[in-house]
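Residue strings, one per chain:
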Amino acid sequence: MIDSRKILEQKVSFQKSANANLTHELAIKDVLYAIKKERLKEIVSQLRGYLDKGDKKKYNEEKKKLAAVTFGATFNSKRRRNDIKVYNKLVVLDIDKIDSEEIIRIKQILSEDMFVF
């Protein structure tokens, strides 16, 4: 059985934006909490709105301003394969470039899988 507490305590590397240097490490539970806070919900909704309208250029510009984490590993100084400190074996699906209806459909499918957390 998967111990979700252990997964939530694992560390990830944090960046203030996509182009910023790594600044520190956070527990996955803290990252997920921050994602669910109202402030980020508004920003994510705005980004999804750009995609829904077909404005991928604006979406890409604005997304680069968001804080970023790498769930699959922590890194020493740069987010590069040869600079991995700890690889945690988590697989993360990047589903941010699809419309809202498709997100709902995928979420339903994944929620029924016992190995999806």
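Whatever comes next refers back to the structure up there.
First, a word on scope: everything that follows refers to the structure included in this document. Just so it is clear, the structure is predicted and the values come from calculations on it, not from any experiment.

1. Re the sheet that holds strand E3 (residues 68-70)
Right, so step 1: Here three strands make up an open sheet; going across it, the order is E2-E1-E3 and the pairing antiparallel. Across the chains shown, the open sheet's two edge strands, defined by having one partner strand only, are strand E2 (22-27) and E3. Taken over all neighbouring pairs, the strand axes of this sheet differ in orientation by 35° on average, direction set aside.
Right, so step 2: Summarising the sheet, strand E1 (residues 11-15) and E2 pair through five bridges and their orientation is antiparallel. Residue pairing across strands places Ser 13 opposite Glu 25, the latter belonging to E2.
Right, so step 3: The sheet contacts of helix H2 (residues 28-36) involve E1, E2 and E3, and relative to E2 the element is tilted by about 95°.

Rules behind the numbers
Residues numbered from 1 in each chain as written. Predicted model: local features only at pLDDT ≥ 70, side-chain atom pairs only at ≥ 80, totals over all residues. Heavy atoms only, no water. Pairing = 2+ DSSP bridges. Helix = DSSP H or I, 4+ residues; strand = E, 2+ residues; numbered from the N terminus. Axes fitted to C-alpha atoms, helices over the stretch in contact; angles between N-to-C directions. Contact = heavy atoms within 4.5 Å.

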